[in-house]
Amino acid sequence: MARLLRCLRRTVIFSSSSPSISYRNPRICVQSNQKPSFLTSRKFLSSGSYVSEMRRSAFEGNILRLIRSEIQSELDHSPPLQPEDRFGPFTVDERPGEQWISLRRKFGDKEDIKIEATMFDGSVPSSKSASSDPDDVQLHITFIVNISKGDGETFEIMCSAWPDTIQISRFFVRKSSKNSPNAYTGPEFQEMEDELQDSLYRFLEERCISDDLAEFLHRYMKNKDKAEYIRWMETVKSYVEQK
C-alpha cells in the first residue's frame, strides 16, 4: 500500500523553469493560469477513493486471515465437545451465546428446582502448590439455587463452585419477584452455627446438589468456554465478510 501511494505522488512533477504543472501522462496537461477541468478533478477524487478502497480491502483481508487461522487452530488443537444435556436428574440448558447455563429438575411432589450457573468469573492461587506460576490457580463459578413450591415464594441459595467442592455463601426466602433490592438477606453463611451450616449442605445433597455438581460445572464450563470463543470468532468473521 505504501508503495502504491509513493507511485501516485510521483506522477506530479513541479518544473522550476516553467509556471506550469505537468503530468507524466502526456495526454493530460494543465497550465497554472487555467482552472482544472471538472473531469480532471473527478480523476483526483477517483484515485483517492480507489486508495481508500484498497486500504479497507487489505485491512479486512488481514482480519479475515487471522480469524480463520485462529478458528482452525482451536478446532485442530482442542475442539469443543457436544455439550451434555443432563446431570443426574437435572436437565441442562446450554444457552448458546450466553455466559451462563441453567439446570432444572423436580423434587418430590411440590419442589421445582432451578440452578443458574455463570461461566468462570474469578480465580484464586492454588493452595495445593507452592509454584509461582500465575496460571496455577483455582477457577471459580457462581451458581444460585432457586427452590419454589408454587406458592409465590422462592428459597434462594447463593453458592460457589470450586474445582472439586461447593461452598454456600448466603441463603434467604424471596417472597416475590418484586422484592426490594435492599431487602435484608440474612447474615453471611460462614457466621452461622456449624450445625445449621451442616444441615443446609445435607439439604442440598438430598437434591443432588453436592461436590459432584462442582466437578460437573467446571468440566462443562471449560468446554463451553471453547465453544463460545469459536462462536464469537465466527460471528465477527461473518460480519467482516459482509459487503
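These numbers were taken from a predicted model, which means no experiment stands behind them.

Here is what the cut-offs are and how they apply
- Residues numbered from 1 in each chain as written.
- Predicted model: local features only at pLDDT ≥ 70, side-chain atom pairs only at ≥ 80, totals over all residues.
- Heavy atoms only, no water.
- Helix = DSSP H or I, 4+ residues; strand = E, 2+ residues; numbered from the N terminus.
- Areas by Shrake-Rupley, 256 points an atom, 1.4 Å probe, with all protein chains shown as cover.
- Core = buried A, V, L, I, M, F, W, Y, C linked by side-chain atoms within 4.5 Å.
- Buried < 20%, exposed > 50% of the residue type's maximum accessible area, 1.4 Å probe, protein only.
- Pairing = 2+ DSSP bridges.
- Patch = residues over 30% accessible without salt bridge, like charges linked within 9 Å, V, L, I, M, F, W, Y side chains within 5 Å.
- Salt bridge = Lys/Arg side-chain N within 4 Å of Asp/Glu carboxyl O.
- Lys, Arg positive; Asp, Glu negative; His and termini not counted.
- Charge placed at Lys NZ, Arg CZ, Asp CG, Glu CD.
- Phe/Tyr/Trp six-rings, centres within 6.5 Å; stacked < 30°, edge-to-face > 60°.
- Lys NZ or Arg CZ within 6 Å of the ring centre and 35° of its normal.

Peer 1: Help me understand the overall build of the chain, please; the structure alone is not making it clear to me.
Peer 2: The helix and strand tally for the chain stands at four helices and 11 strands. Element-wise, carbon and sulfur atoms account for 52% of the exposed surface of the chain, whose accessible area totals about 16,800 Å².

Peer 1: Looking at this structure, I do not really get the nonpolar core. What am I missing?
Peer 2: Buried together is how nonpolar side chains tend to be arranged in soluble globular proteins. Counting 31 residues, the largest nonpolar core has L103, F143, V145, I157, I209, L213 and L217 as its most contacted members. Mapped onto this core, the elements with two or more residues apiece are β5 (90–93), β6 (100–107), β7 (111–118), β9 (137–148), β10 (154–162), β11 (165–174), α3 (194–205) and α4 (211–241). Of the residues forming this core, the biggest block, six residues, is contributed by α4.

Peer 1: Is there a simple way to explain the pairing of β7 in this structure?
Peer 2: One face of the sheet, then the other: side chains in a regular strand alternate in exactly this way. Burial along β7 is one-sided: the residues E111, I113, I115 and A117 are buried and none of D112, K114, E116 and T118 is. Relative to β7, β6 runs antiparallel, the two sharing eight bridges. The partner of K106 across the bridge, within β7, is D112. Hairpin connection of β6 to β7: three residues between the antiparallel strands, including G108 at a positive phi of 70°. Pairing of β7 with β9, which is carried by six bridges, proceeds in the antiparallel orientation. Residue pairing for β9: A117 is matched across the bridge by F143.

Peer 1: Help me understand a negative patch on the surface, please; the structure alone is not making it clear to me.
Peer 2: Taken together, the side chains of E193, D194, E195 and D198 present a region of like negative charge at the surface. With respect to the helices and strands, E195 occurs in helix α3.

Peer 1: Can you help me understand the packing of aromatic side chains in this one?
Peer 2: We describe a pair of aromatic rings using the distance from one ring centre to the other and the angle between the two ring planes. Taken as a whole and assessed by the stated rule, the structure comprises eight aromatic pairs. Pairing F189 with Y201 gives two aromatic rings, centres 5.7 Å apart and planes at 85°, and the pair type is edge-to-face. Within this pair, whereas F189 is found in the loop between β11 and α3, its partner Y201 is found in helix α3, the two being separated by 12 residues in sequence. Taking the relative accessible area as the measure of exposure, F189 reaches 1% and is therefore buried. With a relative accessible area of 24%, Y201 lands in the partly exposed category. Ring centres 6.2 Å apart and planes at 20° place the aromatic pair Y229 and W232 in the stacked group. Taken together, the positions of Y229 and W232, both in helix α4 and three residues apart, correspond to about one turn of that helix. Residue W232 is classed as exposed on the basis of its relative accessible area of 54%. One Lys or Arg, R207, reaches over the ring of F203 and ends 3.7 Å from the middle of that ring.

Peer 1: How should the pattern of salt bridges be read in this particular structure?
Peer 2: Pairing is possible between side chains of opposite charge, provided their charged atoms come close. Inspection of every chain in the model, using the stated rule, returns 16 salt bridges. For R68, the salt bridge is made with E241, and the minimal N-O distance between the two is 2.8 Å. Note that R68 is positioned in helix α2 (residues 38–77) and E241 in helix α4, a separation of 173 residues in sequence. Judged by relative accessible area, R68 falls into the partly exposed class, the value being 43%. Overall, E241 belongs to the partly exposed group, its relative accessible area being 32%. The partner of R207 in a salt bridge is E111, with the nearest N and O atoms 2.8 Å apart. Remark: E111 occurs in strand β7 and R207 occurs in the loop between α3 and α4; sequence separation between them is 96 residues. Each member of the pair R207 and E111 is classed as buried. Where salt bridges share partners, they join R68, E234, K237 and E241 into one cluster.

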